[in-house]
Amino acid sequence: MITARDVSVGYDEHLVVDGVGLSAGPGEVVGLIGPNGSGKTTFLRTLYAALRPRAGLVTVDDQPVAGLRGADLARRIAVVAQETPSDLPVTVADMVLLGRAPHSGALAAFGRDDHRVVAASLARVGARHLAERRYATLSGGEKQRVLVARTLAQRADHLLLDEPTNHLDIGYQHDLLRMVGRLDVTTVVVLHDLNLAARYCTTLVALHQGRIVATGTPAEVLTPELLREVYRIEARPMTVDGCLQLFFSPVEEQSTSPSGV
Amino acid sequence: MSATGQAVSPGTALPDLDPLDDLDHDRRRRRGLAWVGGLTVALLVSLPLAVALGPVAVPVDVVARVVGHHVFGVPVEVTWSPAQESIVWLLRTPRVLLGAAVGAGLAIAGVALQALTRNILAEPYLLGVTSGASTLAAASILFGVGTGIGSSSLAGSAFVGALTAGVAVFLLGRVGGQMTSTRLVLAGVSVGYVLQAATSFLIFASDDPDAGRSVLFWTLGSLTLATGQTALVTGAVVLVTTLLLLARARHLDALAIGDQTAQALGISPNRLRAVVMAVTALCVGALVAASGGIGFVGLIIPHVARMCVGTAHRLLLPVAALLGAVFLVWADVLARIVLAPQELPLGIITAIAGAPLLFVLVRRLNPTR
């Protein structure tokens, strides 16, 4: 269970996140959506205490994250963040082993069980065969799977993902989110693709200019009115095989009256 | 999974472990132990050989007896000449030990700095410490800043110069409270340039025609000033630094991948960078004070060590330290005998040996493997 109440984050005078809150319970997949610069990533970073909010409170299982030591926090919350690649030749096995770090002493060697956990985590995401490869040589889809495997090795029951489907082809996008949805953990995910959000999230929180503009089920949040206001796009919602999907078309430049929806 | 109580039980996400699939745990362990063990043996064999070799060769058994006599007070009959005794005990033993310590120190400093800048071209002198040491040593030699003559005070001013430069890079790199990798690299480069200019200016402004030559010692590096004391002090500094870095091995692993990854694992990247940087700067300051700036070791050895044992710092640090020690001990042997009786500056040997390795690395770095 992750909850955030009235979280505000700012640099200097400017508030990037202004009074945002959410609550994600066990097994839920909460999607954070909103246009570029709406504060999604900044808000997500407060959830794992990488950023200290100016105001508000974030708790995991009713304990404030600000009060938890680094390793304690990492045993509860695992994160797939956006990362610029490093030059150093890390192997996939070492990458996933990092997830074991919060579980072992600073000087102790990783034991046989740590390696078993890594093997099982890689197997779970279908990447066991990649263990000895160098991370930098993987395709985008394989990289994301490995990062998810690391969160599994971390054995946290909360998972935060920041645009995990970036740079993935459509097959991998669905693959990844379906896998995440089946993990049986509390998940908060930042997503750009609204149709993915509609399909895989149980709850959506829409941010615009640092504030929440809507929250609820995908059907409640992804309304033509909201999308026009927030994204300046015309959207036609439809239900295909019981799942909400959206068809988009650009807003007419001069037209003052909303075109037929 | 059956939810007992209110909260989810930990690890619900993970399927059952496969008891048979442990990623070849035993093979990994054996490989690590083999590298550390093999390199330790290589170092232990290299040390007496390196003492024995030189313009005047001394038989290895004489080396063993002289050292045994001095260190353990082994009561052996004195069968060696006084000249051999002073060569072994006063000249070469301190020099070889200092070489091992400096090689190890440069290698671990390189490992640490490459991890915290995530830049494969980072090396110990990135911190500007060599330039700082040269500048103050030049001021000391040429204008008697400090007490002037006497190697210990020269080492003292070199140390002060090295540390001042390290602190300057550190402060510049931290402007605005955030110390990013790029900023750190840029700060190091700019401080280095300013100090090199200052050194050149000092040499130019002095009347001493030999000024350039005496300053060259600090820029090219040499083990000729080794004494028993400098060898012991430097060795102790390197040992402590290794332990301090080893205690943060996991954190360095995460930092080497990225700030976001480190934060996701509950590590504060800025604090870690500050601590590692301070520890490394102190260590490199001591190395430069003892031996000047010996190039290439701190750049190349970490890469070679990574090729041997991978990027996990818990194994990488000791392997790099041992490799660096062995490498520098043998580089110094070459420096002594190639043009004997004249001695080559050590920096020339390390550059000649290091540059081809760098070419190999450049080719190997092809990300498509």
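Residues numbered from 1 in each chain as written. Chains lettered and ligands numbered in written order. Predicted model: local features only at pLDDT ≥ 70, side-chain atom pairs only at ≥ 80, totals over all residues. Heavy atoms only, no water.

1. A short note on the overall build of chain B
Thought 1: Along chain B, the regular secondary structure elements total 14 helices and zero strands.
Thought 2: Mapped from its N terminus to its C terminus, chain B presents α and β elements in the order α-α-α-α-α-α-α-α-α-α-α-α-α-α.
Thought 3: Classification of the 369 residues of chain B by burial places 50% in the buried group.
Thought 4: For chain B, long-range pairs separated by at least 24 residues make up 75% of all intrachain contacts whose partners lie at least 6 apart in sequence.
Thought 5: Accessible surface, chain B: about 16,500 Å² in total, of which carbon and sulfur atoms supply 68%. (Helix = DSSP H or I, 4+ residues; strand = E, 2+ residues; numbered from the N terminus. Buried < 20%, exposed > 50% of the residue type's maximum accessible area, 1.4 Å probe, protein only. Contact = heavy atoms within 4.5 Å. Areas by Shrake-Rupley, 256 points an atom, 1.4 Å probe, with all protein chains shown as cover.)

2. Some details on the overall build of chain A
Thought 1: Each helix and strand counted, chain A has nine helices and 12 strands in total.
Thought 2: Compactness check: chain A gives a C-alpha radius of gyration of 19 Å against a globular reference of 18 Å for 261 residues, within 12% of the reference.
Thought 3: When the backbone C-alpha atoms are referred to their principal axes, chain A occupies close to 65 × 40 × 35 Å.
Thought 4: Residue burial in chain A is summarised as follows: out of 261 residues, 55% are buried.
Thought 5: Nonlocal contacts in chain A, meaning residues at least 24 apart in sequence, comprise 62% of its contacts between residues at least 6 apart.
Thought 6: Surface exposure of chain A reaches about 11,400 Å², of which carbon and sulfur atoms provide 49%.
Thought 7: One finds the centroid of the 26 positive side-chain charges in chain A at a distance of 7 Å from the centroid of its 29 negative side-chain charges. (Rg over C-alpha atoms; globule rule 2.2 N^0.38 Å. Lys, Arg positive; Asp, Glu negative; His and termini not counted. Charge placed at Lys NZ, Arg CZ, Asp CG, Glu CD.)

3. Focus on the side chain of Thr-46 of chain A
Residue and element names in this part refer to chain A.
Thought 1: With respect to the secondary-structure elements, Thr-46 resides in helix α1 (residues 40-47).
Thought 2: Residue Thr-46 is classed as buried on the basis of its relative accessible area, which comes to 1%.
Thought 3: Only 2.5 Å separates the side chain of Thr-46 from the backbone oxygen of Phe-43, close enough to count as a polar contact.
Thought 4: Setting aside residues no more than four positions away along its own chain, Thr-46 makes contact with Val-7, Val-9, Leu-51, Pro-53, Val-58 and Val-65. (Polar contact = N/O pair within 3.5 Å; in protein donor to acceptor, adjacent residues only side chain to side chain.)

4. Description of the pattern of salt bridges
Residues and elements named next belong to chain A.
Thought 1: Counting across every chain of the model gives 20 salt bridges over all chains.
Thought 2: Taking the shortest distance from any N to any O, the salt bridge between Asp-72 and Arg-75 comes out at 2.4 Å. Note that Asp-72 and Arg-75 are positioned in helix α2 (residues 70-76) at a spacing of three residues, about one turn of the helix.
Thought 3: Judged by its relative accessible area of 23%, Asp-72 is partly exposed.
Thought 4: Classification of Arg-75 as partly exposed rests on a relative accessible area of 33%.
Thought 5: Arg-145 serves as the salt-bridge partner of Asp-175, at 2.3 Å between the closest nitrogen and oxygen. (Salt bridge = Lys/Arg side-chain N within 4 Å of Asp/Glu carboxyl O.)

5. Thoughts on the confidence of the model for chain B
All names here are of chain B.
Thought 1: Summary statistics for chain B give a mean pLDDT of 84 and a share of 90% for residues scoring 70 or more.
Thought 2: Per-element confidence in chain B is highest for helix α13 (residues 313-337), whose mean pLDDT is 96, and lowest for helix α7 (residues 211-220), whose mean pLDDT is 73.
Thought 3: When the criterion is pLDDT under 50, residues 1-12 qualifies, and its contacts beyond four places in sequence or with other chains add up to 11 contacts.
Thought 4: In the predicted structure, residues 147-151 sits below a pLDDT of 50 and forms four contacts with residues beyond four places in sequence or in another chain. (pLDDT = per-residue confidence, 0-100.)

6. Quick notes on the interface of chain B and chain A
Thought 1: Taken together, the 49 residues of chain B in the interface contact 56 residues of chain A.
Thought 2: Across the chain B/chain A interface, buried area totals approximately 4,600 Å², and carbon plus sulfur atoms make up 57% of it.
Thought 3: The interface formed by chain B and chain A contains four salt bridges.
Thought 4: Between Asp-21 of chain B and Arg-128 of chain A there is a salt bridge, and its shortest N-O distance comes to 2.5 Å.
Thought 5: At the boundary of chain B and chain A, one finds eight residue pairs in polar contact (both at pLDDT 80 or more).
Thought 6: Of all elements in the fold, only α1 (25-52), α3 (82-117), α9 (249-257) and α10 (259-264) of chain B reach the threshold of two or more residues within the side of chain B that touches chain A.
Thought 7: Tallied by class, residues from the side of chain B that touches chain A come to 21 nonpolar, 14 polar and 14 charged. (Buried area = accessible area lost by both parts, 1.4 Å probe. Nonpolar A, V, L, I, M, F, W, Y, C, P; charged D, E, K, R; others polar.)

7. Focus: the domain arrangement of chain A
All names here are of chain A.
Thought 1: We note that the domain assignment places domain 1 (2-222) and domain 2 (223-261) within chain A.
Thought 2: Centre-to-centre separation of domain 1 and domain 2, based on C-alpha positions: 29 Å.
Thought 3: Summed over both sides, the interface between domain 1 and domain 2 buries roughly 1,200 Å², with carbon and sulfur atoms accounting for 64% of that surface.
Thought 4: Applying the counting rule to domain 1 against domain 2 returns zero salt bridges.
Thought 5: Counting every contact that joins domain 1 to domain 2 gives four residue pairs in polar contact (both at pLDDT 80 or more).
Thought 6: Put simply, the parts of the chain that give the side of domain 1 that touches domain 2 at least two residues each are α7 (194-200), β9 (203-208), β10 (211-216) and α8 (218-221).
Thought 7: When the residues that make up the side of domain 1 that touches domain 2 are grouped by side-chain class, the tally is 12 nonpolar, three polar and two charged. (Domains from an automatic or database assignment.)

8. Brief notes about the environment of Leu-53 of chain B
Thought 1: Its place among the elements puts Leu-53 of chain B in the loop between α1 and α2 (60-72).
Thought 2: Here the alpha-carbon distance between Leu-53 of chain B and Ala-198 of chain B, two residues 145 residues apart in the chain, equals 39 Å.

9. Observations regarding the environment of Pro-64 of chain A
Residue and element names in this part refer to chain A.
Thought 1: With respect to the helices and strands, Pro-64 occurs in strand β5 (residues 63-64).
Thought 2: Sequence separation of Pro-64 and Phe-248 is 184 residues, and the distance between their C-alpha atoms is 40 Å.
Thought 3: Contact partners of Pro-64, with chain neighbours within four places excluded, come to Leu-57, Val-58 and Thr-59.

10. Brief notes about the state of the cysteines
All names here are of chain A.
Thought 1: Tallied over the full model, the rule gives zero disulfides over all chains.
Thought 2: Not part of a disulfide, Cys-201 finds its nearest cysteine sulfur in Cys-243, a span of 11 Å.
Thought 3: Classification of Cys-201 as buried rests on a relative accessible area of 7%. (Disulfide = S-S within 2.5 Å.)

11. Some words on the pairing of strand β11 (residues 233-240) of chain A
Residue and element names in this part refer to chain A.
Thought 1: As paired elements, β11 and strand β12 (residues 243-250) share eight bridges and run antiparallel to each other. Across the sheet, the residue bridging to Arg-236 is Phe-247, located in β12.
Thought 2: Where β11 folds back on β12, the antiparallel hairpin that results is connected by two residues, among which Asp-241 adopts a positive phi of roughly 50 degrees. (Pairing = 2+ DSSP bridges.)

12. Regarding the sheet that holds strand β4 (residues 55-60) of chain A
Residue and element names in this part refer to chain A.
Thought 1: An order of β2-β1-β4-β5 is seen for the four strands of this open sheet, with the pairing classed as antiparallel. A single partner strand is all that each edge strand has here, and the edge strands are β2 (14-24) and β5.
Thought 2: Bridging between strand β1 (residues 2-11) and β2 involves seven bridges; their strand directions are antiparallel. Looking at the pairing, Thr-3 lines up with Ser-23 of β2.
Thought 3: The strands touched by α1 are β1, β2 and β4; relative to β1, the strand with the most contacts, the crossing angle is about 120 degrees. (Axes fitted to C-alpha atoms, helices over the stretch in contact; angles between N-to-C directions.)

13. Details of the sheet that holds strand β8 (residues 186-190) of chain A
Residue and element names in this part refer to chain A.
Thought 1: Here we have six strands laid out as an open sheet, ordered β6-β7-β8-β3-β9-β10, and mixed in their pairing. Each of the sheet's edge strands pairs with one partner strand only, and the pair in question is β6 (77-80) and β10. The sheet shows a mean angle of 15 degrees between the axes of neighbouring strands, direction not considered.
Thought 2: Pairing analysis gives four bridges linking strand β3 (residues 29-33) to β9, with the strands arranged parallel. Bridge pairing links Val-30 to Thr-203 in β9.
Thought 3: Contacts from α1 reach β3, β6, β7 (158-162), β8 and β9, with the element oriented near 155 degrees to β7.

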